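Topology and contacts: notes
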Amino acid sequence: FAPCKRFRPVGTGMLQRPMGVRILKLYNNNIANAGAIVLAKALGHNSSITFLSLRSNHVGDFGLEAMALALSHNKALKSMDLSFNEVSDGGALGLAEALGAPKKKKKAARSTRQSPTNFPRGGGVTT
């Protein structure tokens, strides 16, 4: 799947400026890893979005890794829906660890493929 070609201008421009947008639902837009990386760069500078839905966008571990790096700079985002993507258990654990969640045994790992992911600040990721 190729990412949406019209996504780049929105991701790099609009999201970097404070606009008052608090909820951004981009579900089922075929964003994929390339689009998630562009979005992550913009979210690193955004201070208004508190909820982001990337549900059903073919985002995998590479896109999730970019998100984890961006979220280390973003203090506004409180919750994300990453359900129905291509994220492995290891990718979900990597995001949780990047956000400060305590490490868990592999047995306890659960995939984000079917349930939303919420990460309250300081509390890590719950699926």
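Coordinates for the structure precede this section.
To keep things clear, this report deals only with the structure shown in the data block. These numbers come from a predicted model, not from an experiment.

1. Here's the deal with the side chain of asparagine 74
By the secondary structure assignment, asparagine 74 is in the loop between helix 3 (61-71) and strand 3 (79-81). Within the local environment of asparagine 74, its side chain forms a polar contact with the backbone nitrogen of alanine 76, the two atoms lying 2.8 Å apart.

2. What to know about helix 3
Residues that lie three or four places apart on an α-helix share one face, since the helix turns once every 3.6 residues. Residues Gly63, Leu64, Ala66, Met67, Ala68, Ala70 and Leu71 constitute the buried set of helix 3. Turning to helix 3, the residues buried within the fold contact helix 2 (32-43), strand 2 (51-53), strand 3 and helix 4 (89-98).

3. Here's the deal with unusual backbone geometry
Look at asparagine 30: it is not a glycine, yet its phi comes out positive at around 55 degrees. With respect to the element layout, asparagine 30 can be found in the loop between strand 1 (23-25) and helix 2. Accessibility expressed as a relative area gives 24% for asparagine 30, which makes it partly exposed. For phenylalanine 84, which is not a glycine, the phi torsion comes out positive at approximately 55 degrees. Structurally, phenylalanine 84 is set in the loop between strand 3 and helix 4.

4. What about the nonpolar core?
What tends to happen in soluble globular proteins is that the nonpolar side chains get buried as a cluster. Counting residues in each nonpolar core, the largest one holds 24 residues, and the members touching the most others are Leu26, Leu39, Leu52, Leu54, Met67, Met80 and Leu95. Of all the secondary-structure elements, those providing two or more residues to this core are helix 2, helix 3 and helix 4. Ranked by the residues each element gives to this core, the list is headed by helix 3, at 6 residues. Setting aside its immediate chain neighbours within four residues, methionine 67 contacts Ala36, Leu39, Ala40, Leu43, Leu52, Leu54 and Met80.

5. Comments concerning the packing of helix 3 against helix 4
Axis separation between helix 3 and helix 4 bottoms out at 9 Å; the angle between their running directions is 5 degrees. Looking at the two axes, helix 3 sits roughly parallel to helix 4. In this structure, helix 3 contributes Asp61, Leu64, Ala68 and Leu71 to the contact, and helix 4 contributes Gly91, Ala92, Leu95 and Ala98. The residue makeup of the contact of helix 3 with helix 4, split by class, is 6 nonpolar, 1 polar and 1 charged.

6. Details of the side chain of asparagine 46
Position of asparagine 46 among the secondary structure elements: in the loop between helix 2 and strand 2. In terms of polar contacts, asparagine 46 uses its side chain to reach the backbone amide nitrogen of serine 48, at 2.9 Å.

7. So, helix 2
Here helix 2 is 12 residues long and its end C-alpha atoms lie 16 Å apart, about the 16 Å a rise of 1.5 Å per residue gives. Listed in full, the buried residues belonging to helix 2 are Ala32, Gly35, Ala36, Val38, Leu39, Ala40, Ala42 and Leu43.

8. Let's talk about the packing of helix 2 against helix 3
Interaxial distance between helix 2 and helix 3 falls to 8 Å at its minimum, and their mutual angle equals 5 degrees. The angle between helix 2 and helix 3 places the two elements in the roughly parallel class. Taken together, the residues of helix 3 that come into contact with helix 2 (itself represented by Asn33, Ala36, Ile37, Leu39, Ala40 and Leu43) are Asp61, Phe62, Gly63, Ala66, Met67 and Ala70. Class assignment of the residues belonging to the contact of helix 2 with helix 3 gives a composition of 9 nonpolar, 2 polar and 1 charged.

Reading the values: the criteria
- Residues numbered from 1 in each chain as written.
- Predicted model: local features only at pLDDT ≥ 70, side-chain atom pairs only at ≥ 80, totals over all residues.
- Heavy atoms only, no water.
- Helix = DSSP H or I, 4+ residues; strand = E, 2+ residues; numbered from the N terminus.
- Polar contact = N/O pair within 3.5 Å; in protein donor to acceptor, adjacent residues only side chain to side chain.
- Buried < 20%, exposed > 50% of the residue type's maximum accessible area, 1.4 Å probe, protein only.
- Contact = heavy atoms within 4.5 Å.
- Core = buried A, V, L, I, M, F, W, Y, C linked by side-chain atoms within 4.5 Å.
- Axes fitted to C-alpha atoms, helices over the stretch in contact; angles between N-to-C directions.
- Parallel < 35°, antiparallel > 145°, perpendicular 65-115°, else oblique.
- Nonpolar A, V, L, I, M, F, W, Y, C, P; charged D, E, K, R; others polar.
- Expected span 1.5 Å × (residues − 1).

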